[in-house]
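Each chain is listed here by its residues.
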Amino acid sequence: MEHPLEKFAYCPICGSKHFVINNFKSKRCEDCGFVYYANPCAATAAFILNERDELLVVRRAKDPAKGTLDLPGGFVDMYETAEEGMRREIKEETGLEVGEIKYLFSSPNVYMYSGLGVHTIDLDYLVRVPDDVVVNAADDAASYLWIALSDVHPEEFGLLSIRHAVERFLASNR
């Protein structure tokens, strides 16, 4: 896979073409001295369980992996904590306003967007909700379904990072 810094030929500060590799994760401008670091973006995913231990999953409305299963989640916005971003993404994709969320684990990931591999650090959370919650698929979610944990099949999740997170979650809940 192409390194993300290879897409940047000019210094974003002064426009110089002398924007060269500084080290594995940065480029430096030989004219103005600016150094740009390619650090991972924060992203979230929610394992939402009801009282029957059914997992709320959504079908992706957009590429990549359109039509496959996914977990509610997405990128954390600027000036937002990971928890605020997780709650916002849950509300945008399911209509749910959730209270307590519990951090589970993180994983490095590369998310393909517009031909660029965006390096992320995925932060996965557990959310428990009552059985009678009303879900409305919206935004990046075309539809939703509740699946008993025993019937969850990781290979049905289209994004490799989510598939691995589901495998990890299921292994810890056996």
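Scroll up to find the structure this text is about.
Residues numbered from 1 in each chain as written. Predicted model: local features only at pLDDT ≥ 70, side-chain atom pairs only at ≥ 80, totals over all residues. Heavy atoms only, no water.

A.B. asks: Could you clarify how one ought to interpret the pairing of strand β9 (residues 116-128) in this entry?
C.D. replies: The side chains of a regular strand alternate between the sheet's two faces. Where strand β4 (residues 41-49) and β9 come together, 9 bridges link them in parallel fashion. Bridge pairing in β9 places Phe-47 opposite Leu-126. Two strands pair when backbone bridges link them, and strand β8 (residues 101-113) and β9 are joined in this way by 12 bridges, in the antiparallel orientation. Residue pairing for β9: Ile-101 is matched across the bridge by Val-127. From the end of β8 to the start of β9, which pair antiparallel, there are 2 residues, and Ser-114 there has a positive phi angle of about 50 degrees. (Pairing = 2+ DSSP bridges. Helix = DSSP H or I, 4+ residues; strand = E, 2+ residues; numbered from the N terminus.)

A.B. asks: Help me out: how do you make sense of unusual backbone geometry in this one?
C.D. replies: Trans peptide bonds make up the majority, and among non-glycine residues the majority have a negative phi. Cis peptide bonds are those with omega within 30 degrees of zero, and the linkage from Asp-63 to Pro-64 qualifies with 5 degrees. Mapped onto the elements, Pro-64 comes out in the loop between β5 (54-60) and β6 (69-70). Here Ala-65, not a glycine, exhibits a phi torsion of approximately 65 degrees, which is positive.

A.B. asks: Would you explain helix α1 (residues 82-94) in this entry?
C.D. replies: For an α-helix, 3.6 residues make a turn, and residues three or four places apart therefore share a direction. With 13 residues, α1 should reach 18 Å at 1.5 Å per residue; the first-to-last C-alpha distance of 18 Å fits that figure. Restricting attention to buried positions, one finds in α1 the residues Ala-82, Gly-85, Met-86, Arg-88, Glu-89, Ile-90, Glu-93 and Thr-94. On its buried face, α1 is in contact with β4, β5, β7 (73-75), β8, β9 and β10 (141-148). Among the residues trailing α1, Gly-95 stands out with phi positive, at a value near 80 degrees. (Expected span 1.5 Å × (residues − 1). Buried < 20%, exposed > 50% of the residue type's maximum accessible area, 1.4 Å probe, protein only. Contact = heavy atoms within 4.5 Å.)

A.B. asks: I'm lost on the pairing of strand β2 (residues 26-29) in this one. Help?
C.D. replies: Alignment of strand β1 (residues 19-23) against β2, held across 4 bridges, turns out to be antiparallel. Residue pairing in the sheet places Val-20 in a bridge with Arg-28 of β2. Taken together, β1 and the strand that follows it, β2, pair antiparallel across an intervening segment of 2 residues. With 3 bridges joining them, β2 and strand β3 (residues 35-37) adopt antiparallel strand pairing. Note on β3: the bridge partner recorded for Arg-28 is Val-35. A loop of 5 residues connects β2 with β3, the two strands running antiparallel in sequence, and Gly-33 in this loop sits at a positive phi of about 90 degrees.

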